[in-house]
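What follows is the residue order along each chain.
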Amino acid sequence: MNWKKVVPVSLIVVGVICLGLAGGLGWGAFPSIVKSQIEENIDLTDADSEGYKNFIVPPVPVYIKFTFFNVENPSELVTQKEKARFSEKGPYAYREVREKNITFYGSDYLEYAQYRHFEFDPEKSCQGCTKNDRVRILNMPLIGAVATAIDLGGTSAIVGLSIISKAINNTAASLDLFLEETVDNILFQGVDNELIQVLKTNGALKTRLPPAVQDNGFAIFNTKNATTNNECYRVDTTVDGHSEILMWGADLDNLKTNLSDTTTCPSTIEGKKPSCNSFTFKPWWNYPDITGNVTTSPCNQIRGTNAEQFPPFLDERKDEDLWIFTTDLCRSLYLRYLEDHDIDGIQ
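Starting afresh in each chain, residues are numbered from 1 along the sequence in its written order. It should be noted that, the model being predicted, local features are given only for residues of pLDDT at least 70 and side-chain atom pairs only at 80 or more, the latter also being counted only at that level, while totals for whole chains, interfaces and linings use all residues. Computation of side-chain values covers all heavy atoms of the structure but excludes hydrogens and water.

1. A short note on the overall build of the chain
Inclusion rule: For helices the rule is a DSSP run of H or I covering at least 4 residues; for strands it is a run of E covering at least 2, with both sets numbered from the N terminus onward. The atom set for the radius of gyration is the C-alpha atoms, and the globule formula is 2.2 Å times the number of residues raised to the power 0.38. The rule is simple: take the accessible area with a 1.4 Å probe, protein chains only, and divide by the maximum for that residue type; under 20% is buried, over 50% is exposed, in between is partly exposed. Note on contacts: a residue pair qualifies if any of its non-hydrogen atoms lie within 4.5 Å across the two residues. Residue burial considers only the protein chains on display, and all accessible areas are found by Shrake-Rupley using a 1.4 Å probe.
A count of helical and extended segments in the chain gives 7 helices and 11 strands. Against the compact-globule benchmark of 20 Å for 347 residues, the chain has a radius of gyration of 29 Å, which places it well outside the compact range. Taken along its principal axes, the extent of the C-alpha atoms in the chain is 120 × 45 × 40 Å. In the chain, buried positions account for 34% of the 347 residues. Sequence-distant contacts in the chain: of pairs separated by 6 or more residues, those separated by 24 or more amount to 59%. With the model as given, the accessible surface of the chain reaches about 20700 Å², and the carbon-plus-sulfur share is 55%.

Listed below in structure tokens is the structure:
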């Protein structure tokens, strides 16, 4: 036998076999290795994982923009000389700063309260715009107060409307139909005028004030700025259910699996908490679905994540709806896969 010829051929054969085995094992093991790394990186129970850090403070800044339709001809409008004319003012951009405070770990879940506050960003707002710009809009506190008084019915309605009328200019040419204030006060800091003072102190009305009216006055984002109110959750920590909401509540002591008995209680003014009985203050959505069940009504279901993070490997679940729950809308919404896109080389 010619060993000089056999040895090189044998080495080549062995080499090809080894390469084949290495390639096969490599390609077979590679997806498992990647999945294992991803699962490690998104572990919400590991304070050192990237997923945990991004869960506590989202790495991508969140902005919200507000545009106001300013009433340009208030006098002509209230005297019925002209139709309403509006000018668009904005957008006024605010950065929403979020941070989660984890309070409890279960076997496959955690509970947290999400703090958030809003900071005005002039760079992302309209040119030359500031949060102290004044705008003129419909007087929401007045319209809401009138509607609330009418809902009282009977003598209570008459008394309520009389109280409101004394707090405003009730003449034919009155401009109190409109609220003129700074952007920041209307949104966050609060408007505290004579009407608001009456609403906060009158015995017939102060027990029915909406969350937008607090000790600081009226602001659209009252109870939503510099607080964890209505931002308390229990979420899944497993891989398949990563960060999906299991329960939600106004505070951590009152977490719920659905919204069927959730009500908007009247504001607490000067530390005095009014009654929030179910007879007067109805649940948000007290209507059944087609099966006659209120609890399982789509409007009352809490599904998905808060849209900051999602479970991994969504490419394997393209036929499933992707759900998110948003407290600003008080609803669960779904996203549906349509097609892939290539953005800067990333598919």
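After presenting the structure, the write-up continues.
2. Here we look at the state of the cysteines
Test applied: The disulfide criterion is simple: two cysteine sulfur atoms within 2.5 Å.
As enumerated under the stated definition, the model contains 2 disulfides in all. The side chain of Cys126 participates in a disulfide bridge whose partner is Cys129; the two sulfur atoms lie 1.7 Å from each other. Disulfide Cys126-Cys129: the torsion about the S-S bond is -110°, which places it as left-handed. Side by side, Cys126 and Cys129 carry an identical accessibility label, which is buried. What pairs with Cys265 in a disulfide is Cys276, and their sulfur atoms sit 1.9 Å apart. For the disulfide bridge between Cys265 and Cys276, the dihedral angle about the S-S bond is near -85°, and by the sign convention the bridge is left-handed. Linking Cys265 in the loop between β9 (245-249) and β10 (322-326) with Cys276 in the loop between β9 and β10, this pair joins segments that are 11 residues apart in sequence. Assessed through its relative accessible area of 34%, Cys265 is described here as partly exposed. With relative accessibility at 28%, the residue Cys276 sits in the partly exposed group. Sequential numbering of the bridged cysteines in the chain gives the disulfide pattern 1-2, 3-4. Cysteine Cys232 remains unbridged, with the sulfur of Cys330 as its closest cysteine sulfur at 14 Å. The thiol of Cys299 is not disulfide-bonded; the next cysteine sulfur, from Cys330, is found 11 Å away.

3. A word on the packing of aromatic side chains
By convention here, two paired aromatic rings are described through the distance between centres and the angle between planes. Selection rule: In summary, the pairing rule links any two rings of Phe, Tyr or Trp, Trp by its six-membered ring, whose centres are within 6.5 Å, and it sorts them by plane angle into stacked for under 30 degrees, edge-to-face for over 60 and tilted for everything else.
The final tally for this structure, using the stated rule, is 16 aromatic pairs. Centre to centre, the rings of Phe55 and Tyr112 are 5.3 Å apart; their planes meet at 85°, and the pair counts as edge-to-face. Taken as a pair, Phe55 in helix α2 (residues 50-56) and Tyr112 in strand β3 (residues 109-120) lie far apart in primary sequence, 57 residues in all. Judged by relative accessible area, which is 1%, Tyr112 ranks as buried. When the ring of Phe104 is compared with that of Tyr109, the centres are 6.1 Å apart and the planes differ by 40°; the resulting orientation is tilted. According to the relative accessible area criterion, Phe104 is partly exposed, its value standing at 40%.

4. Re the packing of helix α4 (residues 140-152) against helix α5 (residues 154-166)
Using the following cut-off: Lines fitted to the C-alpha atoms define the axes, with helices restricted to the stretch that makes contact. Angles between their N-to-C directions range from 0 to 180 degrees. The scheme is simple: roughly parallel for angles under 35 degrees, roughly antiparallel for over 145, roughly perpendicular for 65 to 115, oblique for anything else. Note on residue classes: Ala, Val, Leu, Ile, Met, Phe, Trp, Tyr, Cys and Pro are nonpolar, Asp, Glu, Lys and Arg are charged, and everything else, Gly too, is polar.
Interaxial distance between α4 and α5 falls to 6 Å at its minimum, and their mutual angle equals 155°. Relative to α5, the element α4 lies roughly antiparallel. Here α4 contributes Leu142, Ala145, Val146, Ala149, Ile150 and Leu152 to the contact with α5, which in turn contributes Gly154, Ser156, Ala157, Gly160, Leu161 and Ile164. Each residue belonging to the contact of α4 with α5 can be placed in one class, and the counts come to 9 nonpolar, 3 polar and no charged.

Fair warning: the whole summary comes from geometry, so function is off the table for now.
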